[in-house]
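# Structural features, examined
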Amino acid sequence: QVQLVESGGGLVQPGGSLRLSCAASGSVRSMYTMSWYRQVPGKERELVASITRTSRTNYGGAVEGRFTISRDDAKNTVYLQMNSLKSEDTAVYYCYGIAVGPLEYWGQGTQVTVSS
């Protein structure tokens, strides 16, 4: 029933910024937690950031201080603001949500490439 669609990825130079969006077909308030994960080939998918329905946030150590996760309930959208990007941030970024059931949802992913 719920679909998550990421957008906003692309090519950016080191030190630059991008804002990723995750648009949900249903209310993001129905989710206990919305998260961003990322994955590169040959490596395990890792948590980047998460936000609960009460707006509590959590960040992976590699991005803390540079990335910010936020939620716009009116737009049913979760954002990931990425600043001071590094080449090591290059990955496919996935939106994830878990709702009552429990039910889990994954987006299709959006590519972020940080390169000169």
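Quick note: structure is the one above.
To start, this report covers the structure provided alongside it. Just so it is clear, the structure is predicted and the values come from calculations on it, not from any experiment. (Residues numbered from 1 in each chain as written. Predicted model: local features only at pLDDT ≥ 70, side-chain atom pairs only at ≥ 80, totals over all residues. Heavy atoms only, no water.)

### Some points on the state of the cysteines
By definition, a disulfide links two cysteine residues through a covalent bond between their sulfur atoms. Scanning the model with the defined rule gives one disulfide in all. With its sulfur 2.0 Å from that of its partner, Cys 22 forms a disulfide with Cys 95. Taking the sign of the S-S torsion, about -85° here, the bridge from Cys 22 to Cys 95 comes out left-handed. Pair noted here: Cys 22 is in strand 3 (residues 18–24) and Cys 95 is in strand 9 (residues 91–99), with a separation of 73 residues, a long-range link. Classification of Cys 95 as buried rests on a relative accessible area of 0%. (Disulfide = S-S within 2.5 Å. Helix = DSSP H or I, 4+ residues; strand = E, 2+ residues; numbered from the N terminus. Buried < 20%, exposed > 50% of the residue type's maximum accessible area, 1.4 Å probe, protein only.)

### Brief notes about the sheet that holds strand 1 (residues 4–7)
Taking strand neighbours across the sheet as the criterion, the four strands line up as 1-3-8-7 in an open arrangement whose pairing is antiparallel. With one partner strand each, in any of the chains shown, strand 1 and strand 7 (67–72) form the two edges of the open sheet. Across the sheet, the mean angle separating the axes of adjacent strands is 15° when strand polarity is ignored. Pairing of strand 3 with strand 8 (residues 77–82) involves six bridges; the strand directions are antiparallel. Counted as the bridge partner of Cys 22 is Val 78 from strand 8. (Pairing = 2+ DSSP bridges. Axes fitted to C-alpha atoms, helices over the stretch in contact; angles between N-to-C directions.)

### Structural notes on the packing of aromatic side chains
In this structure the tally under the stated criterion is four aromatic pairs. When the centroid spacing of 5.7 Å and the interplanar angle of 85° are considered together, the rings of Tyr 37 and Tyr 96 count as edge-to-face. Pair noted here: Tyr 37 is in strand 4 (residues 31–39) and Tyr 96 is in strand 9, with a separation of 59 residues, a long-range link. With a relative accessible area of 10%, Tyr 96 lands in the buried category. Plain terms: the ring middles of Tyr 96 and Trp 106 are 4.5 Å apart, the flat faces sit at 45° to each other, and that makes the pair tilted. Of this pair, Tyr 96 sits in strand 9 while Trp 106 sits in strand 10 (residues 103–106), and the two are ten residues apart along the sequence. Among the residues examined, Trp 106 registers a relative accessible area of 39% and is labelled partly exposed. (Phe/Tyr/Trp six-rings, centres within 6.5 Å; stacked < 30°, edge-to-face > 60°.)

### Quick notes on the environment of Pro 14
By the secondary structure assignment, Pro 14 is in the loop between strand 2 (10–12) and strand 3. On the basis of relative accessibility, which here comes to 43%, the residue Pro 14 falls in the partly exposed class. With 73 residues separating them in the primary sequence, Pro 14 and Ser 87 have C-alpha atoms 6.4 Å apart. For Pro 14, the contacting residues outside a window of four places in its chain are Leu 85, Val 114, Ser 115 and Ser 116. (Contact = heavy atoms within 4.5 Å.)

### Brief notes about the pattern of salt bridges
Evaluated as defined, the whole model comprises four salt bridges. The closest approach of N and O atoms between Arg 71 and Asp 73, which form a salt bridge, is 2.6 Å. Judged by relative accessible area, Arg 71 falls into the buried class, the value being 18%. A relative accessible area of 26% means that Asp 73 is categorised as partly exposed. One network of salt bridges, in which partners are shared, links Arg 38, Glu 46, Arg 66 and Asp 89. (Salt bridge = Lys/Arg side-chain N within 4 Å of Asp/Glu carboxyl O.)

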